[in-house]
Structure formats: C-alpha cells, structure tokens
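# Tertiary structure, described
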Amino acid sequence: QVQVVESGGGLVQAGGSLRLSCTVSGLSFDNHGMGWIRQAPGKEREGVSCISGGGDSTYYAASVKGRFTISRDNAKNTVSLQMNSLKAEDTAMYYCAADRVLFRSGSWCSDLSGVPAIYWGQGTQVTVSS
C-alpha cells in the first residue's frame, strides 16, 4: 500500500532555514504530482508548494514564493522542500502529499477545497521563533 513518510522539521529562529524530506512507496511515483501542505492551529490547510510528476512544473503559495523551493528525485522516490528566510507565520505542521490523480500539473495543490484526494504523510512540525 501507499506509504508517505516525511522528516526534517524542527525548531529554528526567524531568518533560518530547514529542509524537509519525504519518501514515498507503493506508487508509480513519476506519474503523480507531489506537494507540501501545512496546517497551523486555527487555520485552514494550505498548499504550500507542489510539483508535477516529471518535475517540469511547480507551484508556490504567494506567502512562500521566493523563499521555499520544492524538488523531487524520481530515481529515489523522494521530494524535498528547502525553506529559507523562515518567518514566525511559517510555524505549522507540514505534510508531504501525493496526488491521487495522475498526470496533473504542478499547481494541483493550489486548491484544497473539501477533503483532498491525496495520500498523506504523518506530518513534521516546523516551529519558527523570533
């Protein structure tokens, strides 16, 4: 069955950096878009960044554009999120997600209305302090 495991969260001061990593199994990895979704207490789930199966297109939420970079290695079934210039408002639980629909563009996670049709990881906590 599909398994999604993410890691790399932690405590960092504002202005610092973290790199999140995710490993996926049980999936035709290069046919599925991947992404990172976050949720902070009292806030809605937000698609932070996503990438198409082939890695040729990407999406970034306006709040993170220019600071975060998503990448994937299809030979290793992994996806990463490099987070630079972190801000307190980036504090959230971050989830690695695989799109259940094949062949969608890198913007697939830009709209998370309703219950997302995705495979979730267990989440990794990112806390940014000032």
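Just above sits the structure.
So, here is what we can say about the structure in this document.

Calculation rules
- Residues numbered from 1 in each chain as written.
- Predicted model: local features only at pLDDT ≥ 70, side-chain atom pairs only at ≥ 80, totals over all residues.
- Heavy atoms only, no water.
- Helix = DSSP H or I, 4+ residues; strand = E, 2+ residues; numbered from the N terminus.
- Rg over C-alpha atoms; globule rule 2.2 N^0.38 Å.
- Buried < 20%, exposed > 50% of the residue type's maximum accessible area, 1.4 Å probe, protein only.
- Pairing = 2+ DSSP bridges.
- Axes fitted to C-alpha atoms, helices over the stretch in contact; angles between N-to-C directions.
- Salt bridge = Lys/Arg side-chain N within 4 Å of Asp/Glu carboxyl O.

### Observations concerning the overall build of the chain
- Looking only at helices and strands, the chain has 0 helices and 11 strands in total.
- For the chain, the N- to C-terminal ordering of α and β elements is β-β-β-β-β-β-β-β-β-β-β.
- Rg of the C-alpha trace for the chain: 13 Å, near the compact-globule value of 14 Å for 130 residues, within the 12% margin.
- In terms of overall dimensions, the chain has a C-alpha envelope of 40 × 30 × 25 Å along the principal axes.

### Some points on the pairing of strand β1 (residues 3–7)
- Of the two faces of β1, the one lined by Val4 and Glu6 is fully buried and the one lined by Gln3, Val5 and Ser7 carries no buried residue.
- Relative to strand β3 (residues 18–25), β1 is paired through 5 bridges, and the arrangement is antiparallel. Considered in β3, the bridge of Gln3 is made with Ser25.

### Some words on the sheet that holds β1
- With antiparallel pairing, 4 strands are arranged side by side in an open sheet as β1-β3-β8-β7. The open sheet has two free edges, formed respectively by β1 and β7 (68–73), since each of these has just one partner strand. On average, each strand axis in the sheet is tilted by 15 degrees relative to the strand beside it, whichever way the strands run.
- Where β7 meets strand β8 (residues 78–83), 6 bridges bridge the pair, whose relative direction is antiparallel. Bridging across to β8, Thr69 finds its partner in Gln82.

### Quick look at the environment of Asn84
- With respect to the secondary-structure elements, Asn84 resides in the loop between β8 and β9 (92–102).
- Sequence-wise, Asn84 and Phe68 are 16 residues apart; in three dimensions their C-alpha atoms are separated by 6.0 Å.

### Concerning the pattern of salt bridges
- Taken as a whole and judged by the stated rule, the model has 4 salt bridges.
- Across the pair Arg104 and Asp99 runs a salt bridge, and its minimum N-O distance is 2.7 Å.
- The exposure class of Arg104 is partly exposed, given its relative accessible area of 35%.
- Residue class for Asp99 comes out buried when judged on its relative accessible area of 0%.
- Within this structure, Arg38, Glu46, Arg67 and Asp90 form a network of salt bridges that share partners.

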